Amino acid sequence: MSLALLLFLLPLALILSSRSYSTSLTHFEEDIPLSQPILSPFPPSPYKVNATCITTTSSVTKNGWKEEILQRAKSEEAVKWVKAARRSIHEYPELAYEEIKTSRLVRDRLDEIEVGYRYPLARTGVVATIGTGRPPIVALRADMDALPIQELVEWKYKSKVEGKMHACGHDAHVAMLLGAARILKAREHLLKGTVKLLFQPAEEAGLGAKRMIEDGALEGVEAIFAAHVSIQDRSSVIGSRPGPLLAGCGFFKAVIQVANPDLTKVGTILAASTVVISLQNLVSREADPLDSQVVSVGMVNATDLRGMIPESAILGGTFRAFSNNSFYQLRQRIEEVIVTQSKVYGCDASVDFFEDESFYPPTVNDKFMYEHVKNVAVDLLGPGNYNEAPPVMGSEDFTFYSQVIPSAFYYIGVKNESVGSVHLVHSPYFMMDEDVLPVGAAFHAAIAERYLAENERAGS
């Protein structure tokens, strides 16, 4: 998921074209039925878990929860294990709903540490469970899909799949959540409830979070948290904010046609031109200047091979806003402008907002869940490793979880010039500082464990 405005172009091209992911879905359904066993495409982990690391007693409990969690995350064996997982996933990137190999690796690693799970959800998703099996139940989520980008970083674990790359850090998200599973399993006897770990497909395209919810991933869950790597902060710095964090993101495609083909076709070009200008005025003339909104028309097509004015014109674009009210109001006004302006010039218009494919309301952090993230970050990593993040116009399908239960989304900084971790996500040169992986694993584990401790139920 891109956290910068450059995200506009790639999803728009995917949606307004022939919907690139449809071929991938067909291949998935025909070639590898979910009813058949799937052999792991990855070699077994070269870093098998030492049985002494997963135990029902703690040798370092006396040092406190913070010290033990960090020690477990940063042990030589744990670091090798989590890096190996990330590198294997990075070498074999898979697009939305194609995450068969990635899902297989997740289940293999969960089997290694004897963590139970449910599979499949949302085609390739996995939900693991650790703890008492009783309330309270808290969830952590990692997205698994890659992007249709050719990797241009030359390194040992470069993508082996032509035209596909983990250019957004989802491979790291999965690895960190697996690392958290390992820590939580080792401390399972200390958990005051249940932790669910959601390994989700199709965040980039396909509304994977929505499908996970429909398949029961949030059953019994009362709060959920998720992270995204960020090049804006130095390595291992946690960033978040209360309230709106990520904008809602929608796309639209309008078809403007002559209402009566027997009449002159002068209306289509003029109607489309007027619509574009009017759409650009929605923000400048109607929006509160303190409420950030965007409407951008990125495509207009009204070509006629005979050089005549065509019977129809097509235009498409994206819109974004930080509040739910503004987001849905903007959607309504876009449709009204396109339909009514077209009628002025003798045309009919229809608008598709792709609400079943790529329609993301704003991501808004619950104030109490945000405070929990901030407090755990300061306690675990120190006040110097927490920043209040600014809101950005990027979007995330994590918003679907936040619409159902209280949630918080946070960033984990990966900026490190010494290892080339300086390029924005969705760049073919994106590279991340792997030293962040154990920190992310520890932070995930601490978020879940401390939530349960602070919300323990009597008799649970």
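Shown above is the structure to which this text applies.
Everything numeric here is computed off the predicted structure, so don't read it as measured data.

A. Representation of the packing of aromatic side chains. For the structure on display, the rule yields 13 aromatic pairs. Look at F327 and Y328: their rings are 5.4 Å apart centre to centre, the planes differ by 80°, and that puts the pair in the edge-to-face class. Using a relative accessible area of 0% as the deciding quantity, one classes F327 as buried. Taking the relative accessible area as the measure of exposure, Y328 reaches 36% and is therefore partly exposed. With a centroid separation of 5.4 Å and 45° between ring planes, the pair formed by F398 and F409 is classed as tilted. With F398 in the loop between strand 13 (386-388) and helix 11 (399-402) and F409 in strand 14 (residues 407-415), the pair connects residues that are 11 residues apart, well separated along the chain. Across the pair, exposure class does not vary: F398 and F409 are buried alike. For the cation-ring pair, R123 lies above Y97, with the distance from its terminal atom to the ring centre recorded as 5.8 Å. Over the face of the ring belonging to W65 we find R450, whose NZ or CZ atom lies 4.6 Å from the ring centre.

B. Molecular detail of the pattern of salt bridges. Under the counting rule described, the total for this entry stands at 25 salt bridges. Across the pair D435 and K83 runs a salt bridge, and its minimum N-O distance is 3.5 Å. Here D435, found in the loop between strand 14 and helix 12 (436-454), pairs with K83, found in helix 4 (residues 76-91); they are 352 residues apart in sequence, far enough to count as distant. A residue is classified by how much of its surface remains accessible, and K83, at 18% relative accessible area, is buried. Here K185 ties to E188 by a salt bridge, and the two come within 2.8 Å at their closest N and O atoms. Among the charged side chains, a salt-bridge network with shared partners connects E68, R72, R187 and E449.

C. Examining the environment of N260 more closely. Topologically, N260 is positioned in the loop between strand 8 (248-258) and helix 8 (267-286). It is 9.2 Å that separates the C-alpha atoms of N260 and D348, two residues lying 88 residues apart in sequence.

D. A look at the sheet that holds strand 8. The strand order across the open sheet formed by 4 strands is 9-10-8-11, and the pairing between neighbours is antiparallel. The sheet is open, and its two edges are formed by strand 9 (293-301) and strand 11 (347-352), each paired on a single side. Looking at each pair of strands side by side, their axes are set apart by 20° on average, direction ignored. Strand direction decides the pairing type here: strand 8 and strand 10 (residues 312-321), joined by 10 bridges, are antiparallel. Residue pairing for strand 10: F252 is matched across the bridge by G317. Relative to strand 9, helix 8 is tilted by about 165°, and along the sheet it contacts strand 8, strand 9, strand 10 and strand 11.

E. Representation of unusual backbone geometry within the structure. In this structure, P120 follows Y119 across a cis peptide bond, with omega equal to 0°. Within the fold, P120 resides in strand 1 (residues 116-121). Phi at A202 is positive, roughly 55°, even though this residue is not glycine.

F. Examining the sheet that holds strand 4 (residues 194-200) more closely. A sheet is described by the order of its strands in space; here 8 strands give the open sequence 1-2-4-3-5-14-6-13, paired in mixed fashion. Looking at which strands have only one partner, the edges of the open sheet turn out to be strand 1 and strand 13. Sheet twist, expressed as the average angle between the axes of neighbouring strands with direction ignored, equals 25°. Strands in contact with helix 12 are strand 3 (137-143), strand 4, strand 5 (223-234), strand 6 (238-240) and strand 14; relative to strand 14, the strand with the most contacts, it is inclined by about 160°.

G. Seen up close, the pairing of strand 3. The buried count for strand 3 comes to 7 of 7 residues, which makes it a mostly enclosed element. Of the two faces of strand 3, the one holding I137, A139, R141 and D143 and the one holding V138, L140 and A142 are both buried throughout. Taken together, the 7 bridges between strand 3 and strand 4 define a ladder with parallel strand orientation. Across the sheet, the residue bridging to V138 is V195, located in strand 4. The handedness of the strand 3 to strand 4 crossover, carried by helix 6 (residues 170-186), is right-handed. Relative to strand 5, strand 3 is paired through 4 bridges, and the arrangement is parallel. Looking at the pairing, A139 lines up with I224 of strand 5.

H. Representation of the packing of helix 3 (residues 65-74) against helix 12 within the structure. Where helix 3 contacts helix 12, the two axes come as close as 9 Å, and the packing angle between them is 145°. The interaxial crossing formed by helix 3 with helix 12 has right-handed handedness. When helix 3 is examined against helix 12, the residues W65, I69, L70, A73 and K74 are found in contact with a partner set consisting of P438, V439, A442, A446, E449 and R450.

I. Here's a closer look at the pairing of strand 14. With respect to burial, strand 14 is a largely interior element, 8 of its 9 residues being buried. As paired strands, strand 5 and strand 14 are joined by 8 bridges and run parallel to one another. By the bridge assignment for strand 14, A227 is matched with Y410.

What counts, and at which threshold
Residues numbered from 1 in each chain as written. Predicted model: local features only at pLDDT ≥ 70, side-chain atom pairs only at ≥ 80, totals over all residues. Heavy atoms only, no water. Phe/Tyr/Trp six-rings, centres within 6.5 Å; stacked < 30°, edge-to-face > 60°. Buried < 20%, exposed > 50% of the residue type's maximum accessible area, 1.4 Å probe, protein only. Helix = DSSP H or I, 4+ residues; strand = E, 2+ residues; numbered from the N terminus. Lys NZ or Arg CZ within 6 Å of the ring centre and 35° of its normal. Salt bridge = Lys/Arg side-chain N within 4 Å of Asp/Glu carboxyl O. Pairing = 2+ DSSP bridges. Axes fitted to C-alpha atoms, helices over the stretch in contact; angles between N-to-C directions. Contact = heavy atoms within 4.5 Å. Right-handed = clockwise from strand over helix to strand, strands pointing away. Left-handed = near helix turned anticlockwise from the far one by under 90°.

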